[in-house]
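The chain contents come next:
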Amino acid sequence: MLTNKTVILGITGSIAAYKAADIASKLTQAGAKVEVVMTEPATKFIAPLTMHSITGRAVVTDMFDLASQHTIEHIALGGAADVMVIAPATASLIAKAAVGIADDMVTLTVLATKAPVIVAPAMDVNMFANPVTQENLAKLKARGFIIVDPEYGRLASGKVGWGRLADVDKIIGTIKQVLGRSGDLAGKRLVVTAGGTQEPIDPARHIGNRSSGKMGYAIAEAARDRGAEVKLVAAPTSLPQPAGVEVIRVRTTVEMKSAVAKAVAKADALIMAAAVTDYQPRTTARAKIKKATPGLTLELVRTPDILGEVKGNFLKVGFAAESEDIVVNAKKKLQNKQLDLIVANDITDKKGGFGVDTNKVTIISRDGKVEKLPLLTKREVADRILDRVVGMLGKKK
Ligand code: C5P
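Residues numbered from 1 in each chain as written. Predicted model: local features only at pLDDT ≥ 70, side-chain atom pairs only at ≥ 80, totals over all residues. Heavy atoms only, no water.

Quick look at the overall build of the protein chain now. Scanning the protein chain from N- to C-terminus turns up 14 helices and 21 strands. Principal axes of the C-alpha set define a box for the protein chain whose edges measure 80 × 55 × 35 Å. Across the protein chain, contacts joining residues at least 24 apart in sequence account for 67% of those joining residues at least 6 apart. (Helix = DSSP H or I, 4+ residues; strand = E, 2+ residues; numbered from the N terminus. Contact = heavy atoms within 4.5 Å.)

Close contacts around the ligand come from 13 residues, with M272, A274, P304, F319 and K333 the closest. Measuring from an oxygen atom of the ligand, one finds a backbone N or O atom of M272 at 2.8 Å. K337 has a polar side-chain atom sitting 3.0 Å from an oxygen atom of the ligand. When the ligand sits alone it has 440 Å² of accessible area, and the protein chains cover 87% of it. Put simply, the ligand lies in the largest pocket. (Near = heavy atom within 4 Å. Polar contact = N/O pair within 3.5 Å; in protein donor to acceptor, adjacent residues only side chain to side chain. Areas by Shrake-Rupley, 256 points an atom, 1.4 Å probe, with all protein chains shown as cover. 1 Å grid on protein atoms, 1.4 Å probe; cavity = no way out; pocket = protein on both sides within 12 Å on 5 of 7 lines; lining within 4 Å. Sits in = over half its atoms within 2 Å of the grid points.)

Those residues of helix α5 (residues 91–99) not exposed but buried are A91, L93, I94, K96, A97 and A98. Structurally, α5 contributes buried residues whose contacts are with β3 (83–89), α6 (105–112), β4 (117–121), α7 (125–129) and α8 (131–142). Two residues or fewer past α5, G100 is found with a positive phi of approximately 80°. (Buried < 20%, exposed > 50% of the residue type's maximum accessible area, 1.4 Å probe, protein only.)

In this structure, the largest pocket spans a volume of roughly 790 Å³. Forming the walls of the largest pocket are 38 residues, and the residues nearest its centre are A274, A275, V276, F319 and A321. Every element with two or more residues in the lining of the largest pocket is listed here: α10 (214–225), α12 (306–309), β16 (315–322) and β17 (341–346). For the lining of the largest pocket, the leading source of residues is β16, giving 4 residues. (Points joined across faces, edges and corners; volume = space filled by probe spheres on them.)

Time to look at the pattern of salt bridges. Summed over all chains, the structure comprises 23 salt bridges. Among the salt bridges present, the one from R226 reaches D383, with a minimum N-O distance of 2.9 Å. Of this pair, R226 sits in the loop between α10 and β11 (229–234) while D383 sits in helix α14 (residues 378–396), placing them 157 residues apart in sequence. R366 is the partner of D340 in a salt bridge, and the nearest nitrogen-oxygen pair spans 3.4 Å. Placement of the pair is D340 in the loop between α13 (326–336) and β17 and R366 in the loop between β19 (361–365) and β20 (370–372), with a sequence separation of 26 residues. Taking the relative accessible area as the measure of exposure, D340 reaches 13% and is therefore buried. (Salt bridge = Lys/Arg side-chain N within 4 Å of Asp/Glu carboxyl O.)

Attention now goes to the domain arrangement of the protein chain. You can read the domains of the protein chain as domain 1 (6–179) and domain 2 (189–396). Taken over C-alpha atoms, the centre of domain 1 sits 38 Å from the centre of domain 2. Listed as interface residues are 5 residues of domain 1 and, on the opposing side, 4 residues of domain 2. Where domain 1 abuts domain 2, roughly 400 Å² becomes buried across the two surfaces, and 58% of that area is made up of carbon and sulfur atoms. The largest contributions to the domain 1 side of the interface with domain 2 come from G173, K176 and Q177, which together make up 81% of the buried area. Our count for the domain 1 to domain 2 interface comes out at 0 salt bridges. Counting every contact that joins domain 1 to domain 2 gives 0 residue pairs in polar contact (both at pLDDT 80 or more). (Domains from an automatic or database assignment. Buried area = accessible area lost by both parts, 1.4 Å probe.)

Pairing is parallel in the open sheet, where 5 strands are placed in the order β2-β1-β3-β4-β5. A strand with exactly one partner marks an edge of an open sheet, and here the two such strands are β2 (33–38) and β5 (146–147). Sheet topology note: the β4/β5 ladder contains 2 bridges and is parallel. By the bridge assignment, I118 is partnered in β5 with I146. Along the sheet, helix α3 (residues 48–55) contacts β1 (6–11) and β2; its crossing angle with β2, the most-contacted strand, is approximately 170°. (Pairing = 2+ DSSP bridges. Axes fitted to C-alpha atoms, helices over the stretch in contact; angles between N-to-C directions.)

Attention now moves to a nonpolar patch on the surface. On the surface, a nonpolar cluster with roughly 380 Å² of combined accessible area is contributed by Y279, L296, L298 and L300. Assignment of secondary structure puts L298 in the loop between β14 (279–281) and β15 (300–302). (Patch = residues over 30% accessible without salt bridge, like charges linked within 9 Å, V, L, I, M, F, W, Y side chains within 5 Å.)

With that out of the way, let us pick up the packing of aromatic side chains. For the coordinates displayed, the defined rule picks out 1 aromatic pair. One Lys or Arg, R302, reaches over the ring of Y279 and ends 5.6 Å from the middle of that ring. (Phe/Tyr/Trp six-rings, centres within 6.5 Å; stacked < 30°, edge-to-face > 60°. Lys NZ or Arg CZ within 6 Å of the ring centre and 35° of its normal.)

What follows covers unusual backbone geometry. Going from A87 to P88, the amide bond is cis rather than trans, its omega being -5°. Following the sequence through the fold, P88 ends up in strand β3. We note that N4 has phi near 65°; this positive angle belongs to a residue other than glycine. Within the secondary structure layout, N4 lies in the segment before β1. Classification of N4 as exposed rests on a relative accessible area of 55%. A positive phi angle, near 70°, is found at K266, a position not held by glycine. Within the element layout of this structure, K266 appears in the loop between α11 (253–263) and β13 (269–272). Look at K266 and you get exposed, because its relative accessible area is 67%.

So, in structure tokens, the structure goes:
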């Protein structure tokens with residue numbers, strides 16, 4: 001989705017400026033045209049040559065170099081850009097942008113551009129906490145700027161607090177979210193579940209499964225990139241939290257059920273990619289069970305069927321992890337759970353299913369159409385599922 005998109009990357013004078021090289025590199029690798037503008041102080045932290053070498057494009061730092069064709073082009077570029085991101089943004093940049101001062105290449109471009117502007121602040125803890133900075137950020141937010149909040153952690157001063165530049169992947173996720181606003185899921189609300197639920201046996205142990213959450217996370221990110229407002233109901237996973245997606249963390253199936261029931265209010269579609277545990281212990285021991293006896297019998301009861309029981313006027317998409325008679329079994333499930341679409345997974349295929357980044361699925365719709373897909377990345381599978389969701393949502397109207 002970043003292919004051929006023009007991203008203006010504004011860099012200001014913070015020690016976090018070196019991270020801008022990583023941002024530029026990731027954006028360039030994803031196919032974006034990255035136009036870098038830097039303030040003079042920023043050039044003390046990271047060389048324009050570094051940014052030029054990474055992006056393969058001219059870097060503009062001097063607003064008075066009007067003889068330079070590049071400078072003039074860059075001012076014009078403000079109008080043509082798809083998005084501008086300032087990372088890192090100093091307190092000074094934020095203050096100037098809030099009142100419309102344009103006295104360096106970054107603030108000049110902010111004022112000149114019609115593109116959405118993302119601001120990723122990075123500064124020392126006291127500067128960030130200062131009411132003036134907070135007021136300025138609030139002003140920018142009110143004017144439609146998108147703020148990627150800094151993180152808590154160790155700062156260059158040695159202090160620990162809020163002020164570290166947000167994680168690079170979070171900044172890139174936000175760029176994708178902003179670019180996706182005009183995508184084919186713009187204005188749609190999607191609820192996605194991911195991961196494997198866990199049913200506690202005692203305070204130390206649980207019943208679970210091998211789901212990594214990768215498929216559900218890929219769907220949530222793909223939907224975000226296509227403009228949807230996404231709620232991700234996530235059972236425990238080790239995946240990083242995707243930017244621009246509301247994550248609701250749950251552990252057990254019962255918790256997932258109530259989180260889904262709440263999240264689907266006003267939803268257009270529910271995609272249940274989570275691997276839900278089928279059984280839970282009848283009771284959970286309050287203390288850790290001792291290994292005193294030679295054997296132990298656990299009594300299990302069925303968990304609620306979230307997808308089968310959830311009610312409302314939205315598309316329902318389910319997954320079916322099968323090891324035999326895949327299409328027949330998936331069709332049965334589609335019927336029983338009254339689904340619009342079911343994505344059947346052959347879990348005997350080592351390149352698809354649990355833990356890996358690829359998947360081989362068959363998508364079956366309510367009208368009986370069977371679409372067998374080749375081995376694809378989970379992100380590609382996510383987009384193919386969403387293509388079908390877009391088509392079905394279009395017909396629903
Ligand atoms: O477990 P089963 O194979 O029936 O799961 C098919 C679909 O139903 C999956 O999308 C899964 O997320 C969902 N499911 C559910 N509640 C359960 C079990 C499965 O919603 N208790």
